[in-house]
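# Summary of the model geometry
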Amino acid sequence: MRKINGKRVVLPLVCVVLGFMIAFSYNLTKEGEGAGKDKAWDQEYELRQQLIEQEKQNRELQKELLQKQENVSQIEKDLAQEKQLFFNLAKETEKYRMFLGKVKVKGSGLQVTLEDGTDMESEANVNNYLVHEQHVFKVVNELYISGAEAVAINGQRLNHDSYIICNGPVITIDGHQHPAPFIISAIGDPEVLGASLDLPGGIKEQLVNENIIFTVEKQKNIIFDPIIGG
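Residues numbered from 1 in each chain as written. Predicted model: local features only at pLDDT ≥ 70, side-chain atom pairs only at ≥ 80, totals over all residues. Heavy atoms only, no water.

Looking at an unreviewed UniProt entry, one finds the chain named DUF881 domain-containing protein and attributed to Peribacillus castrilensis.

## Observations regarding the layout of surface pockets
We apply this condition: A cavity here means a set of 1 Å grid points, computed over protein atoms only, where a 1.4 Å probe fits but cannot escape. A pocket is an open set with protein on both sides within 12 Å along at least 5 of 7 lines, and lining residues have an atom within 4 Å of a point. Grid points are joined across faces, edges and corners, and a volume is the space filled by probe spheres set on the points. Runs of E in the DSSP output that reach at least two residues are strands. Runs of H or I that reach at least four are helices, and both are numbered from the N terminus. The classification used treats Ala, Val, Leu, Ile, Met, Phe, Trp, Tyr, Cys and Pro as nonpolar, Asp, Glu, Lys and Arg as charged, and all other residues, Gly among them, as polar.
Looking at the second largest pocket, its volume works out to about 150 Å³. Here the element with the most residues in the lining of the second largest pocket is helix α2 (residues 133-145); it accounts for 4 residues. For the lining of the second largest pocket, the residue count by class is 7 nonpolar, 4 polar and no charged.

## What about the pairing of strand β5 (residues 170-173)?
Selection criterion: In this scheme, a residue with accessible area under 20% of its type's maximum is buried, one over 50% is exposed, and one in between is partly exposed, where area comes from a 1.4 Å probe on protein chains only. A strand pair is defined by DSSP finding two or more bridges across the two strands.
Side-chain alternation along β5 places V170 and T172 on one buried face and I171 and I173 on a second face that is also buried. The sheet contact formed by strand β4 (residues 164-167) and β5 spans 4 bridges and is antiparallel. Looking across to β5, one finds that C166 is bridged to I171. Between β4 and β5, which pair antiparallel and follow one another directly, the connecting turn spans 2 residues, one of which, G168, has a positive phi of 70 degrees.

## Some details on the pattern of salt bridges
Using the following cut-off: Only one rule defines a salt bridge in this text: a Lys or Arg side-chain nitrogen within 4 Å of an Asp or Glu carboxyl oxygen.
Counting across every chain of the model gives 4 salt bridges. Two residues, E210 and K138, come together in a salt bridge whose shortest N-O distance is 3.8 Å. Within this pair, whereas E210 is found in the loop between α4 (203-209) and β8 (213-224), its partner K138 is found in helix α2, the two being separated by 72 residues in sequence. E210 sits in the partly exposed class, given a relative accessible area of 32%.

## Some thoughts on the confidence of the model for the chain
Just so we agree on the cut-off: Note on scores: pLDDT gives the predictor's confidence for each residue, bounded by 0 and 100.
When pLDDT is averaged along the chain, the result is 82, and 78% of the positions lie at 70 or above. Mean pLDDT across the elements of the chain ranges from a minimum in helix α1 (residues 6-100), with 73, to a maximum in strand β7 (residues 182-187), with 96.

## Describing the environment of V131
Threshold: Residue contacts are counted whenever heavy atoms from the two residues lie within 4.5 Å of one another.
By the element assignment, V131 lies in the loop between β1 (105-115) and α2. On a C-alpha basis, the gap between V131 and A180 in space is 7.5 Å, while along the polypeptide they are 49 residues apart. Not counting residues within four places of it along the chain, the set of residues in contact with V131 comprises L114, E115, D116, V136, F182 and I212.

## Digging into α2
Counted only if it meets this: Here the expected length of a helix is defined as 1.5 Å per residue gap, with one fewer gap than residues.
Relative to the 18 Å expected for 13 residues at 1.5 Å per residue, α2 spans 18 Å between its end C-alpha atoms, a close match to the ideal helical length. Phi for G147, located one or two positions after α2, is positive at around 105 degrees.

## A look at the nonpolar core
Put simply, the rule reads: In plain words, nonpolar cores are sets of buried Ala, Val, Leu, Ile, Met, Phe, Trp, Tyr and Cys residues tied together by side-chain atoms within 4.5 Å.
Ranked by internal contacts, the top residues of the largest apolar core, which has 24 residues, are L114, V136, V139, L143, I153, I184 and F214. When contributions to this core are tallied by element, the ones reaching two or more residues are β1, α2, β2 (150-153), β5, β7, α3 (190-197) and α4. With 4 residues, α2 is the largest single contributor of residues to this core. Residues in contact with V139, not counting those within four places in the same chain, are V112, L114, I184, I203, L207 and F214. Of all hydrophobic cores here, the second largest spans 7 residues; its members include V103, V105, A150 and I187.

This is the structure we're talking about:
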């Protein structure tokens, strides 16, 4: 019987063991790579979901911001309207105070002087050449209609309930007598006031035809003090 050589037996055994170890290591490596890929994919998926959720929240916040901006814009419009309303009320109040003579007024305007006629014929009626209250009324009314803020006659300021009465050669304004000539001062746009008086067939032409001396001057600085006790 032949004797088995020990070296020949050990070498194949070593090769088998080494091959098994290499195969096991390869499989272990493959499994590790697969697990790593699965874990990375899971992390990527989770991050994508978080990003989608964050974008959704951002869209909701943007909608909420736009709504709040619209609300603020509406509030600003409402406040602007209220401010304009209060401004208009204050302006109207000041206008009525001026009309009532409660506040001092100054500005540019006109000065209209009405004088008795002088070219009187020998047999003419003297009353036809005198300034009467209706002449003064016509001028005052036309000035107010044309936008005068305040009017005075011979320095006496008129208010909402002033009255004018003719008494011979003088007129009485709120109980105070004034002789001719009658100087009617008005604060307002001098161009507008003057144009309204000088219209063809207007107040100036009417009074001149009634023998009244009618003169107009523009004034840069007219001042009316408040009516005391008015």
